[in-house]
Amino acid sequence: KILKIADQKVDGSWLLASHSLSDRKYSNHLEPDEEDFFIDTWRSDIIITTYDQFLYALMEPDSKYQLRFHNIIDSIIIMDEVQSLPAKLWVPLKKILESLTGMSKSKVLLMSATLPAFIQNAELLLPDFKYYFSQFNRYKINIRNTNKNIGIDGFIKILIDNIGYWIDRKMRVLITLNTRRSAQKIFLEISRYLEENKSSFPEYFISSDVIPKERLDRIDEIKKGNPCIVVTTQSIEAGVDIDMDHVIRDFAPLDSLIQIAGRCNRNGEKGQKDVEIYQISSENGRLFCEMIYDEVHLQKTRQVLSGIELINEKNILKVTEKYFMLLMGKDGVDTGEQLINNFAYWKEVENIKNILRGEQIKKYEFYLMDKDPSLMEIIKEIHKIEDRWERRRVWKRISGRLAQISISVLAKRNFVPEEIAEDFNGIWILDPVYYHDKIGFHFTAEDASCLVL
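Residues numbered from 1 in each chain as written. Predicted model: local features only at pLDDT ≥ 70, side-chain atom pairs only at ≥ 80, totals over all residues. Heavy atoms only, no water.

## Considerations on helix H10 (residues 254–261)
Our working definition: Each residue gets one of three labels from its accessible area relative to the maximum for its type: buried under 20%, exposed over 50%, partly exposed in between, using a 1.4 Å probe on protein chains only. The secondary structure listing takes helices from DSSP runs of H or I that are at least 4 residues long and strands from runs of E that are at least 2 residues long, numbered from the N terminus.
The buried fraction of H10 amounts to eight of the eight residues, a majority that puts the element mostly inside the structure. Looking only at H10, the buried set comprises Leu254, Asp255, Ser256, Leu257, Ile258, Gln259, Ile260 and Ala261.

## Brief notes about the pattern of salt bridges
The criterion, for reference: Take a side-chain nitrogen of Lys or Arg and a carboxyl oxygen of Asp or Glu: if they are within 4 Å of each other, that pair is a salt bridge.
Across all of its chains, the model carries 28 salt bridges by this definition. Across the pair Lys157 and Asp161 runs a salt bridge whose closest N-O atoms are separated by 3.0 Å. Of this pair, Lys157 and Asp161 both sit in helix H7 (residues 152–168), four residues apart, which is roughly one turn of the helix. We note that Lys157, like Asp161, is exposed. For the salt bridge of Arg192 with Glu189, the shortest nitrogen-to-oxygen distance reads 3.1 Å. With Arg192 and Glu189 both in helix H8 (residues 180–196) and three residues apart, the pair spans about one turn of that helix. Judged by relative accessible area, which is 27%, Glu189 ranks as partly exposed. Shared partners join several salt bridges into a network, and the residues in it are Asp153, Arg181, Lys185 and Glu283.

## A closer look at the packing of aromatic side chains
Going by this rule: Pairing of aromatic side chains here covers Phe, Tyr and the six-membered ring of Trp, requires ring centres within 6.5 Å, and sorts the geometry by plane angle: under 30 degrees stacked, over 60 edge-to-face, intermediate tilted. Lysine NZ or arginine CZ positioned within 6 Å of the ring centre and within 35 degrees of the ring normal marks a charge as sitting over the ring.
On inspection of all chains with the given rule, the structure shows 14 aromatic pairs. Pairing Phe129 with Phe133 gives two aromatic rings, centres 6.3 Å apart and planes at 80 degrees, and the pair type is edge-to-face. Highlighted residues: Phe129 and Phe133, both in helix H6 (residues 129–135), separated by four residues, approximately one helical turn. With relative accessibility at 21%, the residue Phe129 sits in the partly exposed group. Using a relative accessible area of 18% as the deciding quantity, one classes Phe133 as buried. Each ring, one from Phe155 and one from Tyr278, has its centre 5.4 Å from the other, and the planes form 65 degrees; the classification is edge-to-face. Taken together, the positions of Phe155 in helix H7 and Tyr278 in strand S11 (residues 273–278) put the pair 123 residues apart, joining distant regions of the chain. Exposure class is identical for Phe155 and Tyr278. Each is buried. Within the aromatic cluster, the residues linked to one another by ring pairs are Tyr364, Phe366, Phe415 and Trp428. Between Arg43 and the ring centre of Phe38, over which it is positioned, the NZ or CZ distance is 4.4 Å. Lying over the aromatic face of Phe136, Arg138 brings its terminal NZ or CZ to 4.8 Å of the ring centre.

## Here we look at the nonpolar core
Definition in use: Throughout this description, the term nonpolar core refers to a set of buried Ala, Val, Leu, Ile, Met, Phe, Trp, Tyr and Cys residues connected via side-chain atoms within 4.5 Å. Note on contacts: a residue pair is in contact if any heavy atoms of the two residues lie within 4.5 Å.
Formed by 71 residues in total, the largest nonpolar core has its most connected members in Leu58, Ile141 and Leu305. Among the elements that line this core, the one with the most residues is helix H3 (residues 51–59), at seven residues. Setting aside anything within four residues of it in sequence, one finds Leu58 in contact with Gln66, Phe69, Ile72, Leu93, Ile96, Leu100 and Phe343. Membership of the second largest hydrophobic core comes to 54 residues, among which are Phe187, Ile190, Leu375 and Phe415.

As structure tokens, this is what we get:
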């Protein structure tokens, strides 16, 4: 919008999006192969990308990522929510950014409401930031049970008992869970309650089981500000600008708790609102937080919150500073000292993708073609192209469009994709029976044991 106001033609040479959902467009004045090269090597003045792609350009030896590195030199690098990076990348990122700014004219702007302790030699753009923190009073965090847990069925009962209150007061309520399975179960119970009581109160479900196209549509609806109940996984914590009246969250590391609290009374126009934290366990007694997060982060969070039942927003900074200092301490997390030494001396380095996303079990991509039917004919035409390089180039052209209707499934050994999908010219077309209009991808109880949900 800014470029258009400045009467500047907006194409890939000015503004380029580089992520899985982006359209591969650069300029109509280039030949297709030239256009692909310019996109893949970040030949643009402004590049919007993800942490994954940026870190690959800094640290991955693969030539397709290193071809981008020279275009990072002398640039302004803006990194939002820097605390969300795995702790094992804290020291490597610090060292690399220091080297990058020292050897070139690069500038780095780091943004975070919970700035981690590994950022030390930066210039604060708001030197008296502690004063501003002390003036915030948008929410208070209520710690319901850090030393004990509540079963998922007991937690659902608490929610059901409060739905009438939320509806009567036309509230906007956000419930964030740690796993896709627990989020689906809780949403379906809430949905069933509303249906049984003939309530048309709006409800939304957001997780990676829902295709990106529909997730974005639902977020747009939520942003309109109408009363609703939203059930999500932790995918909504960073980067989603919504303003809710009440937030409930399954236990997590402190920085994640504070991130989700930032969605409560976000605009500060509703007095002080409540954020509730519960420690929820599955039917077999296992904590959902321990299925997702590193034990050290959870341990340090419990240590910081020990004896605390309520935290006002104005006191958040003090708590987060203590938390990050504990993480950086001698019995804290691995912050990547050995990793950066190995990297610097050309020794074997752990795969960055694994650090960011965890060890990858075999992953399948499934596509909901009924959500974009014309793609079927396009794919058929692509497979008629004899030249494999041309076929690959044209295929990449629709990759962003395909990503909008895709879901990823991490499958265990006994998982058989043919049971739920059809192989169509090399891609898996999901049988619509396995995609629920509200909760997205789902399995029957018998098949669920084959999946990591």
